[in-house]
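# Coordinate inspection notes
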Amino acid sequence: TAARTGQILNVSDMARDAGVSVHSAKSWLSILEASGLVYLLKPFFANISKRLVKAPKLYFLDTGLAAYLTRWPSATTLQHGSMAGAMFETYVVSEIVKSYLLRGFEPPLYYVRTQDGAEIDLLIQSGDTLHPLEIKMTATPSHDDVHSILLVEKQLKRSFGQGAVISLTQTIYPLTPTMNALPVSIIE
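Cut-off values and rules
Residues numbered from 1 in each chain as written. Predicted model: local features only at pLDDT ≥ 70, side-chain atom pairs only at ≥ 80, totals over all residues. Heavy atoms only, no water. Salt bridge = Lys/Arg side-chain N within 4 Å of Asp/Glu carboxyl O. Helix = DSSP H or I, 4+ residues; strand = E, 2+ residues; numbered from the N terminus. Buried < 20%, exposed > 50% of the residue type's maximum accessible area, 1.4 Å probe, protein only. Axes fitted to C-alpha atoms, helices over the stretch in contact; angles between N-to-C directions. Parallel < 35°, antiparallel > 145°, perpendicular 65-115°, else oblique. Contact = heavy atoms within 4.5 Å. Nonpolar A, V, L, I, M, F, W, Y, C, P; charged D, E, K, R; others polar. Pairing = 2+ DSSP bridges. Lys, Arg positive; Asp, Glu negative; His and termini not counted. Polar contact = N/O pair within 3.5 Å; in protein donor to acceptor, adjacent residues only side chain to side chain. 1 Å grid on protein atoms, 1.4 Å probe; cavity = no way out; pocket = protein on both sides within 12 Å on 5 of 7 lines; lining within 4 Å. Points joined across faces, edges and corners; volume = space filled by probe spheres on them.

### Looking at the pattern of salt bridges
For the structure shown, the criterion picks out eight salt bridges. The partner of Asp17 in a salt bridge is Arg4, with the nearest N and O atoms 2.1 Å apart. Of this pair, Asp17 sits in helix 1 (residues 11-18) while Arg4 sits in the segment before strand 1 (7-8); the two residues are 13 residues apart in sequence, bridging distant segments of the chain. The class for Arg4 is buried, based on a relative accessible area of 18%. Residue Arg16 is joined to Asp13 by a salt bridge in which the shortest nitrogen-to-oxygen separation is 3.0 Å. Here Arg16 and its partner Asp13 are both found in helix 1, three residues apart, which amounts to about one turn of the helix.

### Some details on the packing of helix 1 against helix 2 (residues 22-34)
Relative to each other, helix 1 and helix 2 sit at 105°, their axes nearing to 8 Å. When the axes of helix 1 and helix 2 are compared, the pair comes out roughly perpendicular. Contacts between helix 1 and helix 2 involve Val11, Ser12, Met14 and Ala15 from the first element and Val22, Ala25, Lys26 and Leu29 from the second. Partitioned by chemical class, the residues of the contact of helix 1 with helix 2 number six nonpolar, one polar and one charged.

### Brief notes about the pairing of strand 2 (residues 38-41)
Residues Val38 and Leu40 point to one face of strand 2 and Tyr39 and Leu41 to the other, with burial holding for every one of them. Pairing of strand 2 with strand 3 (residues 57-60), which is carried by four bridges, proceeds in the antiparallel orientation. Residue pairing for strand 3: Val38 is matched across the bridge by Phe60.

### Quick notes on the side chain of Asp121
Along the chain, the position of Asp121 falls in strand 5 (residues 119-126). An unpaired buried charge is present at Asp121: no salt bridge exists, and Lys57, the closest side chain of opposite charge, is 4.3 Å distant. There is a polar contact of 2.8 Å between the side chain of Asp121 and the backbone nitrogen of Ile135. The residues contacting Asp121, other than those within four sequence positions of it, are Leu41, Lys57, Glu89, Tyr110, Tyr111, Leu133, Glu134 and Ile135.

### Re the layout of surface pockets
Rolled over the atoms, a probe as big as a water molecule pinpoints where empty space is left. In this structure, the largest pocket encloses a volume near 330 Å³. Lining the largest pocket are Thr63, Gly64, Ala67, Ala75, Leu78, Gln79, Ala84, Met87, Phe88, Tyr91, Met137 and Leu168. Among the secondary structure elements, those contributing two or more residues to the lining of the largest pocket are helix 3 (63-69), helix 4 (75-79) and helix 5 (84-102). When grouped by side-chain class, the residues that make up the lining of the largest pocket number nine nonpolar, three polar and no charged.

### Observations regarding the sheet that holds strand 3
Across the sheet, three strands lie side by side as 1-3-2; this open sheet has antiparallel pairing. Every other strand in the sheet has two partners, leaving strand 1 and strand 2 as the edge strands with one partner each. Pairing between strand 1 and strand 3: two bridges, direction antiparallel. Paired with Ile8 across the bridge in strand 3 is Lys57. Those strands touched by helix 2 are strand 2 and strand 3, and its axis lies near 105° from that of strand 2. Sheet strands in contact with helix 5 are strand 2 and strand 3, and its direction is about 85° off that of strand 3.

Set out below in structure tokens:
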């Protein structure tokens, strides 16, 4: 399960890899979710739902535990390893989720992925307005990093507010009139 952090959940694949039934995998997953070890980020649906992925994304809420379970020997090897981007995304999502939960609020968080692969990593819903977040493990996010967001915004035909690319940058700077580059430290 930990190796699937930051990925769209496929319970059948997870059950097969663990050598258990789908029913058992669902039961174990619900225990992990109820205990606060994992968070299932729900997909955002709109009128064009036939063109959107409908499965949740799985996130471990403790990146240290996820790194241990996936046997990364050190932070340095993980930072340069194949799961670096997924762990960075997991960290950002988990910190945002925890910030809502610690204040006693249900996180109004979603993601969107179209069948052709355009994705918004995180949507924060505030009333009727959606605030898109892209999560990139780069020190220099650029306009190219918001391309998927712009594609999905056109398809959803919903009210979008300010958004951001959360990254390893040290400064805040504009990428588009409605999207800024933000340092990950802003959520710490």
